[in-house]
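Below, each chain spelled out in residue letters.
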Amino acid sequence: MSEAKRPKDQLKTHIREHNQTLILDAAERVFARQGLAKTTTQMIADEAGLPKANVHYYYRSKKDLLEAVLEKILTLWLDSVSRFTLEEGPKANLTRYISEKIDQSRMNVSASKVFAMALIGEEAFVLDFLREYFVSELSRESKTIQAWVEQGLMDPISTEHLFISLWAMTQTYADFDAQVKIILQKDQLEESDYDEAKQFLTRMVLAGCGVKEEN
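### Let's talk about the overall build of the chain
And then number 1: Of the regular secondary structure elements, the chain holds 10 helices and 0 strands.
And then number 2: Each helix (α) and strand (β) of the chain, taken in turn from the N terminus, gives the series α-α-α-α-α-α-α-α-α-α.
And then number 3: Across the 215 residues that make up the chain, the buried fraction comes to 41%.
And then number 4: Counting contacts in the chain only where the partners sit at least 6 residues apart, residues at least 24 apart contribute 70% of the total.
And then number 5: In the chain, 27 side chains carry a positive charge and 34 a negative one; their mean positions are 7 Å apart.

Encoded structure:
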């Protein structure tokens, strides 16, 4: 009996996962376009092409939807940015980090904007995540950076202010892409614009951190 039910159960799982992905992707776009306060579950349902009842079947409220979207965004960010490795040294690690963060902004503009809105609005879910994640993240990266400093590979710096600056500089290309387009006098940003940004920010960060050329 259980064997006979298995294909049906698998189909239900597939439908549930498909609908949840459809809803969360739609919610991310609507939150980014309308703002957190103005977005309604009906707007999200319309964007997803599903009845409103289907949205509420998976997510009881807009708050549940927002938290699910933010969890999806934060998980994506954690998976797409590499941690520092002591052996490779500061130049390789900082160059890679800046490149990955710029790519993240380029490929996930809506996600970055939703995160920024939630942060500005001091959404508890985001604040709790940042407290939990960055305490351990900065502690680990600080130890690696301090080891590089002791090896004479870079100047002493504040890890906290380094990461504040890195996030601010790289996320600008998503959160304030309209401003970037105006400054560059373009209707749309091209891959070459992001490549130029990577090169400029990398040179600036490496010089500001006193990273030695031989690394």
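Now that the structure is up, let's keep going.
### A look at the layout of surface pockets
And then number 1: Quantified by volume, the largest pocket comes out at close to 230 Å³.
And then number 2: Around the largest pocket, the lining residues are T172, Y173, Q179, V180, I183, L184, L189, D193, Y194, E196, A197 and F200.
And then number 3: Elements that contribute at least two residues to the lining of the largest pocket include exactly α8 (159-175), α9 (177-184) and α10 (191-208).
And then number 4: Split into classes, the residues belonging to the lining of the largest pocket amount to 8 nonpolar, 2 polar and 2 charged.

### Regarding unusual backbone geometry
And then number 1: At E122, a residue that is not glycine, the phi angle is positive and equals roughly 55°.
And then number 2: With respect to the element layout, E122 can be found in the loop between α6 (109-120) and α7 (124-150).
And then number 3: A relative accessible area of 58% means that E122 is categorised as exposed.

### Here's the deal with the packing of helix α5 (residues 89-107) against α8
And then number 1: Where α5 meets α8, the closest approach of the two axes is 8 Å, and the angle between their N-to-C directions is 35°. Along this stretch, α5 crosses α8, giving a crossing that reads as right-handed. Across from L94, Y97, I98, K101, I102 and S105 in α5, the residues of α8 making contact are L162, F163, L166, W167, T170, Q171, Y173 and A174.
And then number 2: For the contact of α5 with α8, a count of residues per class yields 10 nonpolar, 3 polar and 1 charged.

### Quick word on the packing of aromatic side chains
And then number 1: For the structure on display, the rule yields 6 aromatic pairs.
And then number 2: Between Y57 and Y58, the ring centres sit 4.9 Å apart and the planes meet at 90°, which makes this aromatic pair edge-to-face.
And then number 3: Ring centres of F84 and Y97 lie 5.9 Å apart, and the angle between their planes is 75°; on these two criteria the pair is classed as edge-to-face. Taken together, the residues F84 in the loop between α4 (62-80) and α5 and Y97 in helix α5 connect sequence positions 13 residues apart. For the pair shown, F84 and Y97 are each scored as buried.
And then number 4: Taken together, the ring pairs in this structure connect F84, Y97, W148 and F163 into an aromatic cluster.
And then number 5: The lysine or arginine in question, K101, covers the ring of W167, its NZ or CZ lying 4.5 Å from the ring centre.
And then number 6: Taking the ring centre of Y194 as reference, the NZ or CZ of R106 above it sits at 5.7 Å.

Thresholds applied
- Residues numbered from 1 in each chain as written.
- Predicted model: local features only at pLDDT ≥ 70, side-chain atom pairs only at ≥ 80, totals over all residues.
- Heavy atoms only, no water.
- Helix = DSSP H or I, 4+ residues; strand = E, 2+ residues; numbered from the N terminus.
- Buried < 20%, exposed > 50% of the residue type's maximum accessible area, 1.4 Å probe, protein only.
- Contact = heavy atoms within 4.5 Å.
- Lys, Arg positive; Asp, Glu negative; His and termini not counted.
- Charge placed at Lys NZ, Arg CZ, Asp CG, Glu CD.
- 1 Å grid on protein atoms, 1.4 Å probe; cavity = no way out; pocket = protein on both sides within 12 Å on 5 of 7 lines; lining within 4 Å.
- Points joined across faces, edges and corners; volume = space filled by probe spheres on them.
- Nonpolar A, V, L, I, M, F, W, Y, C, P; charged D, E, K, R; others polar.
- Axes fitted to C-alpha atoms, helices over the stretch in contact; angles between N-to-C directions.
- Left-handed = near helix turned anticlockwise from the far one by under 90°.
- Phe/Tyr/Trp six-rings, centres within 6.5 Å; stacked < 30°, edge-to-face > 60°.
- Lys NZ or Arg CZ within 6 Å of the ring centre and 35° of its normal.

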